[in-house]
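Commentary on secondary and tertiary structure
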Amino acid sequence: LAPAWPVVLAALLSAPLVVPMIVSPFVADAHGWMLNGWLQLLLATPVQFWLGARFYRAGWKAVRAGSANMDLLVALGTSAAYGLSLYLLYQHAQHGMPHLYFEGSASVITLVLLGKWLEAGQHVNAAGSNALARREIDEDAVRKCGLITVDARGTARQECGDLLPAVEKGLCRWDTLAEIGEV
């Protein structure tokens, strides 16, 4: 299971930024609950660049591969909110506190980290369930591995668990092929 500490730390750093927004409909002077812009910057920066670094790395890999993914979207969106907040803070802080979006960038990263952590837990549970189901499969299935036709050019002896060409590109394990009926 993936460690929970990044999610917990991100939530602890984001909570003081988000609480004023949550209580504003219920409190008459919610503006008084807002943190100073510099303190918002201090809380949002580790969430954005330390805990959110995985989104920048994965997004950059996607860009280099000529594609886009959710990590790239998270990195771009939260960077835009963080960057605008930084600009507004430096340009307009002397005229009073401008409307900043540090809470938006930090909360999005926190929630996506939470989602990825929950998803990782589900993968572990699914893998455990899958392994249990495989143990219940007839033991003869393992002994029936043997000569199989790989392609029109001939045959090859394969052991259970060996990698086989499944499609034009890529490989697939023998037990996966047997499960989905491709053999």
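Before reading on, note that the structure itself is shown above.
To start, this report covers the structure provided alongside it. Here the structure is a predicted model, which is why all the values come from computation and not from measurement. (Residues numbered from 1 in each chain as written. Predicted model: local features only at pLDDT ≥ 70, side-chain atom pairs only at ≥ 80, totals over all residues. Heavy atoms only, no water.)

**What about a nonpolar patch on the surface?**
Taken together, the side chains of Leu84, Tyr87 and Tyr101 present a nonpolar region at the surface, about 290 Å² in accessible area. In this fold, Tyr87 is placed in helix α4 (residues 70-92). What makes Tyr87 partly exposed here is its relative accessible area of 48%. (Patch = residues over 30% accessible without salt bridge, like charges linked within 9 Å, V, L, I, M, F, W, Y side chains within 5 Å. Areas by Shrake-Rupley, 256 points an atom, 1.4 Å probe, with all protein chains shown as cover. Salt bridge = Lys/Arg side-chain N within 4 Å of Asp/Glu carboxyl O. Helix = DSSP H or I, 4+ residues; strand = E, 2+ residues; numbered from the N terminus. Buried < 20%, exposed > 50% of the residue type's maximum accessible area, 1.4 Å probe, protein only.)

**With respect to the nonpolar core**
Among the nonpolar cores identified, the biggest contains 20 residues, and Ala44, Val47, Leu51, Phe55, Phe102, Ile109 and Leu113 are the most heavily contacted of them. When residues of this core are traced back to their parent elements, those giving at least two are α1 (5-23), α2 (37-51), α4 and α5 (102-136). Beyond its immediate stretch of four places on either side in the chain, Phe55 contacts Asp71, Val74, Ala75, Ile109, Val112, Leu113 and Lys116. (Core = buried A, V, L, I, M, F, W, Y, C linked by side-chain atoms within 4.5 Å. Contact = heavy atoms within 4.5 Å.)

**Overview of the environment of Ala75**
For Ala75, the location among the structural elements is in helix α4. With relative accessibility at 7%, the residue Ala75 sits in the buried group. Taking C-alpha positions, Ala75 is 9.3 Å from Ser105, a pair spaced 30 residues apart along the chain. Beyond its immediate sequence surroundings of up to four residues, Ala75 is in contact with Phe55 and Tyr56.

**With respect to the packing of aromatic side chains**
Counting across every chain of the model gives 5 aromatic pairs. Taking 5.7 Å as the distance between ring centres and 40 degrees as the angle between the ring planes, the aromatic pair formed by Trp5 and Trp50 counts as tilted. With a gap of 45 residues between them, Trp5 in helix α1 and Trp50 in helix α2 connect regions that are remote in the sequence. Judged by centre distance (6.0 Å) and plane angle (20 degrees), the ring pair of Phe49 and Tyr56 falls under stacked. We classify Tyr56 as partly exposed; its relative accessible area is 27%. Pairwise contacts between aromatic rings join Phe49, Tyr56, Tyr82 and Phe102 into one cluster. Above the ring of Phe55, the side-chain terminus of Arg54 is found at 5.7 Å from the ring centroid. (Phe/Tyr/Trp six-rings, centres within 6.5 Å; stacked < 30°, edge-to-face > 60°. Lys NZ or Arg CZ within 6 Å of the ring centre and 35° of its normal.)

**Quick look at the side chain of Thr78**
For Thr78, the position within the fold is in helix α4. Using a relative accessible area of 4% as the deciding quantity, one classes Thr78 as buried. At 2.7 Å, the side chain of Thr78 and the backbone oxygen of Val74 are in polar contact. When sequence neighbours within four positions are dropped, the list of residues in contact with Thr78 reads Gln48, Ser105, Val108 and Ile109. (Polar contact = N/O pair within 3.5 Å; in protein donor to acceptor, adjacent residues only side chain to side chain.)

**A few points about the pattern of salt bridges**
Scanning the entire structure with this criterion turns up 1 salt bridge. A salt bridge links Asp71 to Lys116, with the nearest nitrogen and oxygen atoms 3.3 Å apart. With Asp71 in helix α4 and Lys116 in helix α5, this pair connects stretches of sequence that are 45 residues apart. The class of Asp71 is buried, set by a relative accessible area of 13%.

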